[in-house]
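# Inside the fold
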Amino acid sequence: MRFFSVLLISFVCLTAVAQKKTATVSGTVTDDNDKPLPNVSVVILGKSSGTITNDSGHFSITVPAEKAFALIFTHSGFKEAQKNFYLSNNEEEHTTIIMAKGGITLETVTVSDENQRKEAGLTRINPKNAITLPSTIGGVEGLIKILVGSNNELTSQYSVRGGNYDENLIYINDFEIFRPYLVRSGQQEGLSFINPEMAKNVNFYNGGFQAKYGDKMSSVLDIQYKKPSSFGGTVYVSLLEQGLHLEGSAKKGKVTYLFGVRNKSNKNLLSSQETTGAYIPSSSDIQSYITWQAGNHVQLELLTNLSNTRFTLFPQSAQKTTSVFSPLFTASLGLDINFEGKEQDSYNTSMVGLSMLYTPTKKLKLKWMLSRFENKEEENFDIAGSYLFGDRDFDHTSSTYGQIINPLGAGYYQNYGRNALDITVYNAALKGSIENGKHFIQFGNSIEQTNINDHLREWEYQDSAGYSLPHNPANLNLFKTLLSSADLSVQKYSGYVQDNIRLGKSSQYTTLQAGVRYNYNSLNKEFLVSPRMQLSYKPKWKKDVLLKFAAGMYDQPPFYRELRRYDGTLNTAVKAQKSYQMVAGMDYSFKGFDSRPFRITTEAYYKGMTDVDVYDVDNVKIRYAGNNNAKAYAAGVEARLFGELVKDAESWLSIGLMRTRENLDNDYYYQYKNAAGEIITAKSADQVPVDSIKQNVGWLRRPTDRLITVGLYLEDYLPTNKNFKVHLNALYGSNMPYNIPNSVKYRNALIIDPYIRIDMGFSVQLLSEKSERRSHSPFRDFQNIWASLEIFNLIDHPNTISYQLIKDFANNIYSIPNRLTPRLVNFKLVARF
């Protein structure tokens, strides 16, 4: 027994020794004049620990054997150097590393996220990730969708904590930004206003934000553009988008400038849609941000944007398929449509913002702002379709494969529209701050003039089985008609004051942000007061934990779309939607995986809403009821993990659980019974109602209700070379309800299946950052050049965005899903100089 024990212990020890195979690399690090360099950091790529060179520039490091690895050499004022190795067990390798001067000076930076951590709902986003993110929309919004979820990869709009697209605020350098309003589907969208190459700081608040931000109920995206100190720029080309940005300074730094030009075409993306035809989308913009230090205490800033988006479609045909499963039968139903006509839309945006920042003392700042923002939009469509609906043959051996072999319905429809919308917003504002000891007081006031000119001309004709709907033998009736014009002029007044108080020491402190804002508009003559408060407390614990709490009133006055009812008429008496919100959370920072930094944030929230203007969502089009006839709530929990799963590579994971419900006033319908006591669905000669039952609907899922949301962003690179990287963007969202428009009985009648999408990008650095280049090289002024291959919808999951309703010959209604994009490939080339 003792012999076997000794043998077992010896075997385990030998196995452990055998598994740990190492080698040694030693050598000298010098500059380009052969002068030894002390204190050079020598680290194995992907590891956080290593060694440094001594006064003679010598180093020695133990490395893994019989596997490829790379050593990274870094020193302040020199270009980073890398050398790859593959050594045998116990092998000793001697090398000499020459480091060139002229690299970016490595600064000693103490990473401090205290300002970010102490604010409820705040996430700071690195805009540099926007250009590398594998996403059909890209940009800052693509990064935000990883945090809050998505159900449509064709739109840059997003839903936050049960809110809709209209409930999000966007600021660029304190100027509020607006989106186009007539857009019906993501394929019509163009470029986002935000140019990520010009952005320096991106702060995203998903709830519980401060009083200094405006009057909406869901989120704030606060972006600050850069003030560059030297010349540089970026140029990029892909199958979807092309862009150029330049930056620099003049007059000894007193003048700084940013210029950006972009062009986008989704033609390759849309060509794979279910509806085939000629897609001609185009979007371009030019943007600038210029600052001038006019004196020791005065700085002028100018922000301009001019954007033009065109969308033209000549549809030809569509083939859609869905499967029906029931205990009685299973069928694969198909819908074939042949189109005629075209759609032609245009969306033009222009913006000019001028501000003057005056700092008479270090503790007092005043900022005067003037801006003009205009959205000019036109929709023109006249599209007719003849369709055949029935069982589709999926037998590959059949001569009728792919065809409809058992027709259940046939018909014809025509959609016509001539819509024009012109919204112009003038704003004058004063913002300021005063620092006084432990108090930091912020205040502001603004006056806004909004002019809205709208002309709505839409009608829809439907014919099913040779009968126009609604059927009237004496007349030819249209299925739906919207005729409306509006010319509104609205004055809005708003302001705020808030105090930021910090108490305690650096190791244990309390931060309180308390403020109040007001809002009044001349349209509905409603005066609103919204107190808001944020509290953070850092206890003196061994763990780096910060506790946060926020509460306040968040009211949203109607802008324009909320005023329009389903029938196209305007209700100018619509009041603001009102909410009270509470947020409680925790922020925990720690070290893990070779002492790499990680951070976990969790927040629980509740949002109670009154005077709710209920709405339906079809693709990205939001159609409001145009009244305040409901109450609602949203409640949930969110958890996020930020860190470096791989050294020097960003990653984050976001998980959310949420429920949002609404209860409409007087939402009921009647069920009718025949003489036999059976419920009938339609009146006919043999189905005569003799009794009715009133059905109260009660609480229902809101259109944005989604129980589970998961977002994942990962970066990685080859163990031997950081120049080969991979980026992964994964999204999951559980099912959502789909409402039959303007129907009480059939709200929540349909369910949109879970949204599942994985996008992946593979990048290679063609020109390394600060690599050796000859003086006559055409690339001598470039910092780096990257080439990327992106695969969208890697698993080719057929996600659904909405439904098309079709009647069969027996007047039964079927829902056919409208799908989003399948698997696609994109190529991108990015150069920075």
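The next thing to look at is the overall build of the protein. If you tally the helices and strands in the protein, you get five helices and 45 strands. On C-alpha atoms alone, the protein measures out to a radius of gyration of 31 Å, which is about the 28 Å that the 2.2 N^0.38 rule sets for 833 residues. C-alpha extents for the protein along the principal axes are approximately 105 × 75 × 65 Å. Residues classed as buried in the protein amount to 50% of the 833 residues present. Entry remark: accessible area of the protein is about 38,800 Å², with carbon and sulfur atoms responsible for 56%. Of the side-chain charges in the protein, 90 are positive and 82 negative, and the distance between the mean point of each set is 7 Å.

If you trace the four strands from one edge of the open sheet to the other, you get β3-β2-β5-β6, paired in antiparallel fashion. Among the strands making up the open sheet, the edge pair consists of β3 (50-52) and β6 (81-85). Across this sheet, the average inter-strand angle for adjacent strands is 20°, counted without regard to direction. Pairing geometry for strand β2 (residues 41-44) and strand β5 (residues 69-74), over four bridges, is antiparallel. Residue V42 lies in a different strand from β5, and its bridge partner there is F73.

Ranked by size, the top nonpolar core spans 55 residues in total, and within it F204, L221 and Y225 carry the most contacts. It is helix α4 (residues 139-148) that contributes the most residues to this core, six residues altogether. Counting 20 residues, the second-largest nonpolar core is a separate cluster that includes V42, F59, A65 and F78.

The mixed open sheet is built from three strands, whose spatial order is β4-β1-β7. One side of each edge strand has no neighbouring strand; the edge strands of this open sheet are β4 (58-64) and β7 (92-99). Across the sheet, the mean angle from the axis of one strand to that of its neighbour is 30°, orientation sign disregarded. Across eight bridges, strand β1 (residues 22-31) lies against β7 in parallel orientation.

On to α4, then. Where burial is concerned, most of α4 is hidden: 10 out of the 10 residues are buried. Three or more residues of α4 are buried, namely G139, V140, E141, G142, L143, I144, K145, I146, L147 and V148.

Next up on the list: the confidence of the model for the protein. This prediction gives the protein a mean pLDDT of 87; 91% of its residues lie at or above 70. Counted against residues more than four places away or in other chains, residues 1-18, with its pLDDT under 50, gives zero contacts. pLDDT under 50 marks residues 103-113. Its contacts with residues more than four places away, or in other chains, come to 11 contacts.

Here is what the cut-offs are and how they apply
Residues numbered from 1 in each chain as written. Predicted model: local features only at pLDDT ≥ 70, side-chain atom pairs only at ≥ 80, totals over all residues. Heavy atoms only, no water. Helix = DSSP H or I, 4+ residues; strand = E, 2+ residues; numbered from the N terminus. Rg over C-alpha atoms; globule rule 2.2 N^0.38 Å. Buried < 20%, exposed > 50% of the residue type's maximum accessible area, 1.4 Å probe, protein only. Areas by Shrake-Rupley, 256 points an atom, 1.4 Å probe, with all protein chains shown as cover. Lys, Arg positive; Asp, Glu negative; His and termini not counted. Charge placed at Lys NZ, Arg CZ, Asp CG, Glu CD. Pairing = 2+ DSSP bridges. Axes fitted to C-alpha atoms, helices over the stretch in contact; angles between N-to-C directions. Core = buried A, V, L, I, M, F, W, Y, C linked by side-chain atoms within 4.5 Å. pLDDT = per-residue confidence, 0-100. Contact = heavy atoms within 4.5 Å.

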